[in-house]
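For reference, the chains in residue letters:
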There are 2 protein chains.
Amino acid sequence: MERAQLANNIFSYFNDLGGEIDWRALTTPLDVHVTEKGQYLFQQGDSAKRLYFLHSGLVRYVSVSDQGKEFTQTFAQAPRIIGSTRAMVTGSPVLFGIQALEDCVISSYDWAEFYQQMRHDNAFLECYLHFLESIFIAKEERESTFVKDSAERRYLNFCQAYPTLKERISQQYIASYIGITPVALSRIRQQLKLSNQG
Amino acid sequence: MERAQLANNIFSYFNDLGGEIDWRALTTPLDVHVTEKGQYLFQQGDSAKRLYFLHSGLVRYVSVSDQGKEFTQTFAQAPRIIGSTRAMVTGSPVLFGIQALEDCVISSYDWAEFYQQMRHDNAFLECYLHFLESIFIAKEERESTFVKDSAERRYLNFCQAYPTLKERISQQYIASYIGITPVALSRIRQQLKLSNQG
DNA sequence: AAATAAAATTAACCTAGGTTAATTCTGTCC
DNA sequence: GGACAGAATTAACCTAGGTTAATTTTATTT
């Protein structure tokens, strides 16, 4: 894909958030990354002060606990902004890695430069604001499902919310997304199968 | 407290998020609410399309599961913006109630009007954007603690992060904030006492 | 198609935290 | 200061999900 084409993907993604953004102020060069299935765009602990955009493919945000257990925070499908708001804003190391679950085309801008150039555009600020609102709402819903629902409910919710993802993602990652072990997920699926047969 | 004084509290809170906001565009009238200890500002399921500001006091965001169990999402201390971003943005009923843990003075603006009047001010957008970034980051950290840490760790984290809150809040609410029962929290405290004595 | 590796299932056992209920402690109201 | 209510503790028992390990299924590679 051409660089100009990639940039256009990003521009129209932002515009679709509800604005008429004037992109002429943007002169920051765009980087292109091709990440193969299984590989990491960046690892937990890295510095990741860039705004990434997933043009094609599928990734997961993985964070690893002190005890070495992997936990999937999010799945993200193209086309979408990806990356760590926290790392971009605070400059601190990322709390999760981004792993490609399928071959991906990803591009990126340096966030500080991007924001410096675009912050004077009202339409841009409004779009970015809507983006932040949407990811906040998603996190809030996720928080609620973790505390209120059983693992079985969380699995059913996932299947209902992401019927297509369910087919593209291996079960171990679904388990790590709903916060249980693959063994427990298998058990739950077994029980569901039995109870559905009546 | 005078209405003008209350409005100034809100203005300077926003300004402190890093901007020079021109508030002259704002003509929306401000409402004043006085909420006594134990009372609710609004209940889960209500429509809450206002931007609330907590001038004094302490509240918790409470959501109740289908099985009738209470869960505390957040504690918020004055001075702070409170309310539901989700309800303001989507217009859907709130997923949590706000309960006063101490007597509170709260004021509010209709969000849609407020935003309509202020959205043309770049400095305002930037400040609100920083606010959204900060609440998103807080949620992300909370998500991570829920999945990675044991209840004991979560309790210790809470005590370290909010040493003063710990004294002001009854244990049952701390338990519901870290996602366990009061009985379990009591057990954990007991174990900590024992292990600290060596 | 055979060989290998990775993923999913199943079973046996274990543990953190839930549940219920009795008991003590801490207010706060008259 | 006595009486009552709500909060916290403790104990006994229960359950969802973790752990380990053996077995089968499914994907990859040659």
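Residues numbered from 1 in each chain as written. Chains lettered and ligands numbered in written order. Predicted model: local features only at pLDDT ≥ 70, side-chain atom pairs only at ≥ 80, totals over all residues. Heavy atoms only, no water.

Draft legend 1. Focus on the overall build of chain A. Per the secondary structure count, chain A includes eight helices and eight strands. With respect to the principal axes defined by its C-alpha atoms, chain A has extents near 60 × 30 × 30 Å. Of the contacts formed within chain A by residues at least 6 apart in sequence, a portion of 71% connects residues at least 24 apart. Per element, the accessible surface of chain A, about 9,400 Å² overall, is 47% carbon and sulfur. Measuring between centres, the 20 positive side-chain charges of chain A sit 9 Å from its 22 negative side-chain charges. (Helix = DSSP H or I, 4+ residues; strand = E, 2+ residues; numbered from the N terminus. Contact = heavy atoms within 4.5 Å. Areas by Shrake-Rupley, 256 points an atom, 1.4 Å probe, with all protein chains shown as cover. Lys, Arg positive; Asp, Glu negative; His and termini not counted. Charge placed at Lys NZ, Arg CZ, Asp CG, Glu CD.)

Draft legend 2. A look at the protein's contact with DNA strand D. Around DNA strand D, the structure places 17 residues, and the nearest of them are A:Ala151, A:Arg187, B:Gln171, B:Gln172 and B:Gln190. Those atoms of DNA strand D that come within 4 Å of the protein belong to sugar or phosphate at a rate of 67%. Note that a phosphate oxygen of DNA strand D is positioned 3.2 Å from one of the side-chain N or O atoms of A:Thr181. In the model, a sugar or linking oxygen of DNA strand D is placed 3.1 Å from a nitrogen or oxygen of the B:Ser186 side chain. The element contributing the most residues to the surface near DNA strand D is helix α8 (residues 182-197) of chain B, with five residues. A class-by-class count of the residues in the surface near DNA strand D yields five nonpolar, eight polar and four charged. (Near = heavy atom within 4 Å. Polar contact = N/O pair within 3.5 Å; in protein donor to acceptor, adjacent residues only side chain to side chain. Nonpolar A, V, L, I, M, F, W, Y, C, P; charged D, E, K, R; others polar.)

Draft legend 3. Spotlight on the sheet that holds strand β2 (residues 40-42) of chain A. Residues and elements named next belong to chain A. In spatial order, the strands read β2-β7-β4-β5; together these four strands make up an open sheet with antiparallel pairing. Pairing within the sheet leaves two strands with one partner each, and these edge strands are β2 and β5 (70-77). Within the sheet, the average angular offset between the axes of one strand and its neighbour, ignoring direction, is 30 degrees. Sheet topology places β2 next to strand β7 (residues 97-100); two bridges connect them, and they run antiparallel. Directly across from Phe42, in β7, lies its bridge partner Ile98. Taken strand by strand, helix α7 (residues 171-178) contacts β4 (58-64), β5 and β7, and its axis lies near 105 degrees from that of β5. (Pairing = 2+ DSSP bridges. Axes fitted to C-alpha atoms, helices over the stretch in contact; angles between N-to-C directions.)

Draft legend 4. View of the interface of chain A and chain B. Across the boundary between the two partners, chain A contributes 37 residues, which contact 37 residues of chain B. Taking both sides of the interface into account, the surface hidden between chain A and chain B amounts to around 3,500 Å²; carbon and sulfur atoms contribute 64%. If you sort the residues of chain A by the area they bury against chain B, A:Phe136, A:Glu143 and A:Lys148 come out on top, with a joint share of 19%. Between chain A and chain B we count eight salt bridges in total. A salt bridge links A:Arg119 to B:Glu126, with the shortest nitrogen-to-oxygen separation between them at 2.7 Å. (Buried area = accessible area lost by both parts, 1.4 Å probe. Salt bridge = Lys/Arg side-chain N within 4 Å of Asp/Glu carboxyl O.)

Draft legend 5. Here's a closer look at the UniProt feature "domain: Cyclic nucleotide-binding" (unreviewed entry) in chain A. Annotation from UniProt places "domain: Cyclic nucleotide-binding" (unreviewed entry) at residues 13-118 of chain A. With 17% helix and 42% strand, the stretch residues 13-118 of chain A has end C-alpha atoms that lie 15 Å from each other. (UniProt positions renumbered as here; feature names shortened; annotations may be inferred.)

Draft legend 6. Up close: the relation of the copies chain A and chain B. For the pair chain A and chain B, the superposition axis carries a translation of 0.0 Å, the fit reaches an RMSD of 0.0 Å, and the rotation angle comes to 180 degrees. What the superposition gives is, in effect, a two-fold axis relating one chain to the other. (Least-squares fit on C-alpha atoms with pLDDT ≥ 70 in both.)

Draft legend 7. How the structure looks around the side chain of B:Thr35. Residues and elements named next belong to chain B. Mapping Thr35 onto the fold places it in strand β1 (residues 31-35). For Thr35, a relative accessible area of 6% gives the class buried. In contact with Thr35, other than residues within four places in its own chain, are Tyr40, Leu41, Ala100, Glu102, Asp103, Cys104 and Ile106. (Buried < 20%, exposed > 50% of the residue type's maximum accessible area, 1.4 Å probe, protein only.)

Draft legend 8. View of the side chain of A:Glu133. Structurally, A:Glu133 is set in helix α4 (residues 122-148). Of the side chains with opposite charge, B:Arg119 lies nearest to the buried A:Glu133, which makes no salt bridge, at 11 Å. Setting aside chain neighbours within four positions, we find A:Glu133 in contact with B:Thr85, B:Val89, B:Tyr128 and B:Leu132.

Draft legend 9. Structural detail: the protein's contact with DNA strand C. The immediate surroundings of DNA strand C are formed by 17 residues, with A:Gln171, A:Gln190, B:Lys69, B:Ala151 and B:Arg187 found nearest. Each atom of DNA strand C within 4 Å of the protein belongs either to a base or to sugar and phosphate, the latter forming 67%. A distance of 2.5 Å separates a phosphate oxygen of DNA strand C from a polar side-chain atom of A:Gln171. Between DNA strand C and the protein, one listed contact pairs a phosphate oxygen with a side-chain N or O atom of B:Lys69 at 3.0 Å. Mapped by element, the contributors of at least two residues to the surface near DNA strand C are α7 and α8 (182-197) of chain A together with α8 of chain B. Looking at the surface near DNA strand C, the element that brings in the most residues is α8(A), giving five residues. Classifying every residue of the surface near DNA strand C by side-chain character gives five nonpolar, eight polar and four charged.

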